[in-house]
Amino acid sequence: MEAQTKQRATRKKGNKQGGRALKSTSHGNAVSVPQMQMLGIESVFPDSGQPRKTFDEQSLHHLAQSIAEHGVLQPITVRKSEEGYTIVIGERRFRASKLAGLTTIPAMVRDYVDTEVLEVQIIENLQRKDVEPTEEAEAIQFLLDRYEPTEIAKRLGRSENYVRQRIKLAGLIEGFKAFVRTGEMTISLGVAVALFEPGEQQMLLESLEGEYQEHRVRRMVGSRTYDLTRAPFDVADKTLLPKAGACTLCPFNAANQGNLFGEGKMVCTRTSCFENKKTKTFMQLLKRVKKEGLKLVPNISKYWVEEERNQWVMAQMEKVGLEVHLTNELDILKQPIEPTLESIKEEYRHYEYTEEELAEFLNEALESFTEEKEAWDNALDHGFEKGILLETDTYLTQAIFVKVREETDGGSSGAKSLEKRKMAECTPEEQIIKINARELRKKQIENNNQFKEVADMIRETDYIDRKKPLTTDEMVAISISLFENNIGFYSQREHFKDFFEDDSRLSHGELVARFKENFKKETFHRLLRFLLTRQVHLGESNHTNDLTNRSFYVAMQSFYKDKISVIEETYAESRQKREARIKERITALEKQAKVIKD
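Predicted model, so just to flag it, every value in this text is computed and none were measured.

The next point concerns the sheet that holds strand S3 (residues 36-40). The strands making up a sheet are joined through hydrogen bonds of the backbone, oriented either antiparallel or parallel. On the basis of which strands lie adjacent, the open sheet formed by five strands has the order S3-S7-S5-S6-S4 and mixed pairing. Two strands close off the open sheet at either side, each with one partner strand: S3 and strand S4 (44-45). The pairing of strand S5 (residues 76-80) with strand S7 (residues 104-109) spans three bridges and is classified as parallel. Looking at S7, one finds that Val78 is bridged to Val109. Lying over the sheet, helix H4 (residues 91-99) contacts S4, S5, strand S6 (85-89) and S7, oriented at roughly 125° with respect to S6.

Okay, here's the thing in structure tokens:
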């Protein structure tokens, strides 16, 4: 980065004389002032090196009509060439003049060297309002070799942030640039994609399979970017990962690339680095709580124990000798926050409460706060100990007071439950139970790791490229996956009540075996058809501007053509009446406009 800056500065210094050529051309002490000439239009040619490649046809025809009526009001700028004259500025006026049938065109003839011509063309094009964004980005990227972003911004009359965004947009690979040119992809989303290395962009592009889907691109960008204000570590820490350094100085921080996500918004675009810092922060936390004797509480309830990330966190805690407690086994006190009228209004913003009602809610909240504050201040006196609550997805932490609930076994009043007692406190029979429980826990972790390794291995093979039809086992797996992951509880009960039949006494293995034994392709087809009707996009994403909806609409024609036709005819009749009224209104307005003009 530093070398590029020095190189740019050297070029800039060497180009100062070239910069003056933008205003006039000097020969010794005299300055030649170009005169306007009428040139034969057949002797004037566009410059093949012109950075502007796109011209709006409709706009050209409008300009041609104006030129036919009023002539060319502003001369074009040309330079002499072997064939005649080459256009430097004004190719759009030249094209429109030819469309209007002109045989001559007013022109200013200037002397330029090649590098000056390109710079003049670029700046002239960039000062227009209708510049295609990716061409604009590439042009600004060219100027970056001669000027700093601040100077480019001054020359173009743009903000520095605008220029930096276009510089970043130039880093888009061609496939995504095509989406920007067609208007399918917004410039802001294009800038977000351009934050990634070309290799990562190519993977994103290939996953779209040639079809632009904004929601998928946004989801993929979101999964690869991180809001640094929510980082579980100090973003100014240079020592956490010495090779990476501090996030505040990192070139992969969007705030250091021209505030691409807003003024001062820090967004990390380097997934591997962020995840490494997160993991190292977690490992440091394990050492800290062990050293300071704090109780680390992962925010995991018994319902989420089997999640992969939770299994990994618990395994790391056990590895360093920390006791793992689920949140439903603990009494936890979080530091209370004093409520205000503003916070109450925010909490009830979706309800229409009067000021008196909100004031009453505030009084109730303040009473609760007083009680919670007293409990927090006296926690240590009531058997609580200091602890840290850990969010297992983000590794964000907060200070808490925590106490293990005193549960009893059977009729032994006041005794700790077996899982809370240490080995030395247990009888031989109880130790056997604890040993078996620990072994079961290890098997659960091993099974989880084994399955992950198998799944990762299969993802790296050519399995998805197999040409053979789906096997029964594959259709069974897809059916169960769709049922479990894509169909809600109420839809399962309403549409697929007997999917697994009575499964209360069967293990997962037995359940899959029985489902396979009774499997029918009709079940698979019914699941797919159900999802087809549910995954269309309603609202403005109708069948005329959404590929998913269009394909659904076409597919349903073969089953319900007559019913669809009735609906179409109803809307067509309403549309025709509305268009007729609009046509009458426009005709009347056109007559009024003509009267005013005459």
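Having seen the model, we can carry on.
Within the structure shown, the criterion is met by zero disulfides. Counting only cysteine sulfurs, Cys273 is the nearest neighbor of Cys247, a cysteine outside any disulfide, at a range of 6.1 Å. On the basis of relative accessibility, which here comes to 8%, the residue Cys247 falls in the buried class.

In globular proteins that are soluble, nonpolar side chains generally tend to be buried together. Membership of the largest hydrophobic core comes to 22 residues, with the highest contact counts inside it found for Leu172, Phe176, Phe179, Met185, Val193, Val217 and Val221. For this core, the secondary structure elements donating two or more residues are helix H9 (174-181), helix H10 (187-194), helix H11 (198-208) and helix H12 (214-223). Looking at which element gives the most residues to this core, the answer is H10, with five residues. Each residue touching Val193, except ones within four places of it in the same chain, is listed here: Leu172, Phe176, Met185, Gln201, Leu204, Val217 and Val221. Among the nonpolar cores identified, the runner-up in size contains 18 residues, and Ile67, Ile76, Phe94 and Val109 belong to it.

Moving on, we come to the packing of aromatic side chains. Taken as a whole and judged by the stated rule, the model has 22 aromatic pairs. Here the aromatic rings of Tyr353 and Phe361 are separated by 5.0 Å at their centres, their planes lie at 85°, and the arrangement is edge-to-face. Among the aromatic residues, those joined into a cluster by ring pairs are Phe483, Phe496, Phe499, Phe500, Phe515, Phe519 and Phe530. Here Lys278 stacks its cationic end above the ring of Tyr395, 4.9 Å away from the centre of that ring. Sitting over the ring of Phe496, Arg526 keeps its end group 4.7 Å from the ring centre.

Right, let's talk about the packing of helix H18 (residues 472-486) against helix H20 (residues 508-517) for a bit. When two helices pack together, you describe them by how their axes are tilted relative to each other and by the distance separating the axes. Put simply, H18 and H20 touch, their axes get as near as 10 Å, and they point 115° apart. Crossing of H18 against H20: the hand is right-handed. In this structure, H18 contributes Asp473, Val476, Ser479 and Ile480 to the contact, and H20 contributes Val512, Phe515 and Lys516. The residue makeup of the contact of H18 with H20, split by class, is four nonpolar, one polar and two charged.

Relative to the helices and strands, Arg95 resides in helix H4. It is 9.0 Å that separates the C-alpha atoms of Arg95 and Pro46, two residues lying 49 residues apart in sequence. In contact with Arg95, other than residues within four places in its own chain, are Phe55 and Leu60.

Rules of the game
- Residues numbered from 1 in each chain as written.
- Predicted model: local features only at pLDDT ≥ 70, side-chain atom pairs only at ≥ 80, totals over all residues.
- Heavy atoms only, no water.
- Pairing = 2+ DSSP bridges.
- Helix = DSSP H or I, 4+ residues; strand = E, 2+ residues; numbered from the N terminus.
- Contact = heavy atoms within 4.5 Å.
- Axes fitted to C-alpha atoms, helices over the stretch in contact; angles between N-to-C directions.
- Disulfide = S-S within 2.5 Å.
- Buried < 20%, exposed > 50% of the residue type's maximum accessible area, 1.4 Å probe, protein only.
- Core = buried A, V, L, I, M, F, W, Y, C linked by side-chain atoms within 4.5 Å.
- Phe/Tyr/Trp six-rings, centres within 6.5 Å; stacked < 30°, edge-to-face > 60°.
- Lys NZ or Arg CZ within 6 Å of the ring centre and 35° of its normal.
- Left-handed = near helix turned anticlockwise from the far one by under 90°.
- Nonpolar A, V, L, I, M, F, W, Y, C, P; charged D, E, K, R; others polar.

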